[in-house]
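Examining the three-dimensional arrangement
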Amino acid sequence: MNMNGQPAKAFPWADRWPEIFDRRVRAAFAAVPRHRFVSERLARLADQDAPLPIGEGQTISQPFVVALMVQALELQPGDKVLEIGAGSGFQTAILCELTAPEAEPESAEPRGATVYAIERFESLAKKAAAVLADLGYAPHLRVGDGAYGWPEAAPFDAIIVSAAAPHIPRPLWEQLADGGRMILPVGQHEEDQQLWLVQKMDGQMIIERLGGVRFVPMISPLFDDPTQWAEL
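Residues numbered from 1 in each chain as written. Predicted model: local features only at pLDDT ≥ 70, side-chain atom pairs only at ≥ 80, totals over all residues. Heavy atoms only, no water.

A look at the pattern of salt bridges
Basically, it comes down to this: Salt bridges are identified by distance alone: a Lys or Arg side-chain nitrogen within 4 Å of an Asp or Glu carboxyl oxygen. Put simply, DSSP H or I for four residues or longer makes a helix, DSSP E for two residues or longer makes a strand, and each gets a number counted from the N terminus. Note on exposure labels: buried denotes an accessible area under 20% of the residue type's maximum, exposed denotes more than 50%, and partly exposed covers the range between, all computed with a 1.4 Å probe on protein chains only.
This model, assessed by the stated rule, comprises five salt bridges. Glu-97 is the partner of Arg-111 in a salt bridge, and the nearest nitrogen-oxygen pair spans 2.6 Å. With a gap of 14 residues between them, Arg-111 in the loop between helix 3 (90-99) and strand 4 (115-119) and Glu-97 in helix 3 connect regions that are remote in the sequence. Classification of Glu-97 as buried rests on a relative accessible area of 1%. With a closest N to O distance of 3.5 Å, Glu-122 and Lys-126 form a salt bridge. Of this pair, Glu-122 and Lys-126 both sit in helix 4 (residues 122-134), four residues apart, which is roughly one turn of that helix. Relative accessible area serves as the criterion here: at 56%, Lys-126 is assigned to the exposed category.

The following block contains the structure:
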């Protein structure tokens, strides 16, 4: 059964994902139709476990990488999540599934009520918002510089960043709740990017490196100011 109480469909990458053992993550991928988040021209390629272009020089991430990142966050129903780089909205929909209440009576909040997503490009944000709404998701979505986070909605139980940052932005660290987890690619250049899982325990930073990745760069004037680098 998926998170909506319907039989979960097998998704095309399952047999190739032994690393993805969280049944809730697998159910979320079964519930979200990836082809809806790419252009009609590319819809036939949506079942490929590969990134695809979505415009503005951006991509919809490889499904396995998305699954690895959200699994590492160990999201639970009701968790408040901040997403940096909503892009097509596909990962946003996965977050909506994973944080939705397990039982949804008519009075329950819509799926996505605790998901906050920031997208740098207005054109992508508009497309993502339309598709998400059509699929019944209602996350908070706005256009802006994701490095500064969403301070008025903080603290967040989890933060997921879908662009490679040269450093951990201090605002994101400060907006992470104690006991929370942040996952982001870190690296100055494409060839040296590493996926970091960052935990905040009693105000201290614990970093676990999960391996090499390739993401589009995170662009922000914040990185010009070393006082805004959280890991220093």
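Continuing now.
Digging into the sheet that holds strand 4
Selection rule: Here a strand pair is declared whenever DSSP counts at least two bridges between the two strands. Fitted lines through C-alpha atoms give the axes, limited to the stretch in contact for helices. The angle between two N-to-C directions lies from 0 to 180 degrees.
Across the sheet, which stays open at both edges, the seven strands sit in the order 5-4-3-6-7-8-9 with mixed pairing between neighbours. The two strands at the open ends of the sheet, each matched to only one other strand, are strand 5 (140-143) and strand 9 (204-212). Taken over all neighbouring pairs, the strand axes of this sheet differ in orientation by 15° on average, direction set aside. Direction of pairing for strand 4 relative to strand 5: parallel, over a ladder of four bridges. What sits directly across from Ile-118, in strand 5, is Arg-142.

Concerning unusual backbone geometry
With an omega of 5°, the peptide bond between Ala-154 and Pro-155 qualifies as cis. Positive phi outside glycine occurs at Asp-202, with the angle close to 50°. Structurally, the position occupied by Asp-202 is in the loop between strand 8 (194-201) and strand 9. Asp-202 gets classed as exposed once you look at its relative accessible area, which sits at 70%.

Side note on the confidence of the model for the protein chain
Predicted coordinates in areas of low pLDDT are best not read in detail. Stated formally: What pLDDT conveys is the predictor's confidence in a given residue, as a value from 0 to 100. Any pair of residues with heavy atoms lying within 4.5 Å of one another is described as a contacting pair.
In the predicted model, the protein chain carries a mean pLDDT of 90, and the fraction of residues at 70 or more is 91%. With pLDDT under 50 throughout, residues 1-10 is counted as low confidence; its partners more than four residues away or in other chains account for 17 contacts.

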